[in-house]
Amino acid sequence: MSQIEIAEIIEQIKQEIEVDANGQAKASLRATARLAGVSDKAIGKALESANLEPSKLAKMLMQQSFDAANLTDWRTSGIPDTAIAIILEYYAYEAGRYCTKQARLVCRSFNTIGIRAWIQDKLGWTKPVTDNKTGMTEIQLLAALAKHLAEHNTVAKIRV
């Protein structure tokens, strides 16, 4: 799985992602599964397990203050952005034989943007407002980052 393929997946799922007025995002179960490189049934089953015998993923989510009852509601209402990060981390590093390379690549891409946003926040930086341009959405930023990383990887392979 290349960064270009991840950028294509992001483009395909952008209709299943939304951001509210407070800047909080959420994505459909299907979109989250596509990002992680797993089936939506796998994530759905993990979320449903929260009320009976929680799976490792459900436990990770509940340890981060998500209520077990809300986990099952995410199937229809969408998965909050902070939970998506946990799900990606789970499938990148914690899922044992179910770990996916795609989840690791997407997790790394999101981490880069997250660290950038944290530094910008700490320094009080705000995006300049221009009259003629619209700002990039987080998805567009992620797609641009994936494209940049893919180009960088291609250049690095040529040099070797």
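The rules behind each value
- Residues numbered from 1 in each chain as written.
- Predicted model: local features only at pLDDT ≥ 70, side-chain atom pairs only at ≥ 80, totals over all residues.
- Heavy atoms only, no water.
- Pairing = 2+ DSSP bridges.
- Helix = DSSP H or I, 4+ residues; strand = E, 2+ residues; numbered from the N terminus.
- Phe/Tyr/Trp six-rings, centres within 6.5 Å; stacked < 30°, edge-to-face > 60°.
- Buried < 20%, exposed > 50% of the residue type's maximum accessible area, 1.4 Å probe, protein only.
- Contact = heavy atoms within 4.5 Å.
- Core = buried A, V, L, I, M, F, W, Y, C linked by side-chain atoms within 4.5 Å.
- pLDDT = per-residue confidence, 0-100.
- Axes fitted to C-alpha atoms, helices over the stretch in contact; angles between N-to-C directions.
- Parallel < 35°, antiparallel > 145°, perpendicular 65-115°, else oblique.
- Left-handed = near helix turned anticlockwise from the far one by under 90°.

*Asks:* Explain the sheet that holds strand 3 (residues 79–80) here, please?
*Replies:* The strands making up a sheet associate through hydrogen bonds between their backbones, and the pairing can be parallel or antiparallel. Reading across the sheet, the 3 strands line up as 1-2-3 and stay open at both edges, with antiparallel pairing between neighbours. Of all the strands in the sheet, just strand 1 (17–19) and strand 3 have a single pairing partner and so form its edges. Two elements, strand 2 (residues 25–27) and strand 3, share 2 bridges in a ladder whose sense is antiparallel. In the sheet register, Lys-26 faces strand 3, and the bridge partner there is Pro-80.

*Asks:* Would you mind showing me how to read the packing of aromatic side chains here?
*Replies:* Centre-to-centre distance and the angle between the planes together describe a pair of aromatic rings. All chains considered together, the criterion is met by 2 aromatic pairs. Seen in terms of ring centroids, Phe-66 and Trp-74 are 5.1 Å apart; in terms of plane orientation they differ by 85°. Their pairing is edge-to-face. Residue classification places Trp-74 among the buried positions, given a relative accessible area of 5%. Between Tyr-90 and Tyr-91, the ring centres sit 4.9 Å apart and the planes meet at 80°, which makes this aromatic pair edge-to-face. For Tyr-91, a relative accessible area of 6% puts it in the buried group.

*Asks:* Can you walk me through the side chain of Thr-32 in this structure?
*Replies:* Topologically, Thr-32 is positioned in helix 2 (residues 29–36). In this structure Thr-32 touches Ala-27, Ile-43, Ile-79, Ile-84 and Ile-87, once residues within four positions along its chain are discounted.

*Asks:* Can you help me understand unusual backbone geometry in this one?
*Replies:* Outside of glycine, negative phi angles account for most residues, and trans bonds account for most peptide bonds. Although it is not a glycine, Ser-65 adopts a positive phi angle of roughly 75°. As for its placement among the helices and strands, Ser-65 is situated in the loop between helix 4 (56–63) and helix 5 (68–77). Among the residues examined, Ser-65 registers a relative accessible area of 70% and is labelled exposed.

*Asks:* Is there a simple way to explain helix 2 in this structure?
*Replies:* Since the α-helix turns once every 3.6 residues, residues separated by three or four places project in the same direction. Summarising burial for helix 2: 6 of the 8 residues are buried, a large majority. When we look at burial in helix 2, the residues that qualify are Leu-29, Ala-31, Thr-32, Ala-33, Leu-35 and Ala-36. Following helix 2 by one or two positions, Gly-37 adopts a phi angle in the positive range, close to 75°.

*Asks:* Help me out: how do you make sense of the nonpolar core in this one?
*Replies:* General note: in soluble globular proteins, nonpolar side chains tend to be found buried as a group. Core analysis: the largest hydrophobic core is formed by 39 residues, its most contacted members being Ile-43, Leu-47, Leu-61, Leu-71, Trp-74, Ile-79 and Tyr-91. Contributions of two or more residues to this core are made by helix 1 (3–13), helix 2, helix 3 (40–48), helix 4, helix 5, helix 6 (81–94) and helix 7 (101–122). Per-element tally for this core: the top contributor is helix 6, with 8 residues. Those residues within four positions of Ile-79 in sequence are excluded, and the remaining contacts are Ala-25, Lys-26, Ala-27, Ser-28, Leu-29, Thr-32, Ile-43, Leu-47, Trp-74, Ile-84 and Ile-87.

*Asks:* Sorry, what's going on with the confidence of the model for the protein chain here?
*Replies:* Parts of the prediction with low pLDDT should not have their coordinates interpreted in detail. Looking at the protein chain, the pLDDT average stands at 81 and 78% of residues meet or exceed 70. The least confident element of the protein chain is helix 8 (residues 138–159), whose mean pLDDT is 60; the most confident is helix 4, at 94. Note that residues 154–160 has pLDDT below 50 and, in this model, 0 contacts with residues that lie over four places away or in other chains.

*Asks:* What's the story with the packing of helix 4 against helix 6 in this structure? I'm lost.
*Replies:* How two helices pack is summed up by the angle between their axes together with the distance between the axes. Where helix 4 contacts helix 6, the two axes come as close as 10 Å, and the packing angle between them is 140°. As the angle between them shows, helix 4 and helix 6 are arranged oblique. Pair helix 4 / helix 6 crosses with right-handed handedness. Together, Lys-56, Leu-57, Met-60 and Leu-61 of helix 4 and Ala-83, Ile-86, Ile-87, Tyr-90, Tyr-91 and Glu-94 of helix 6 make up the contact between the two elements.

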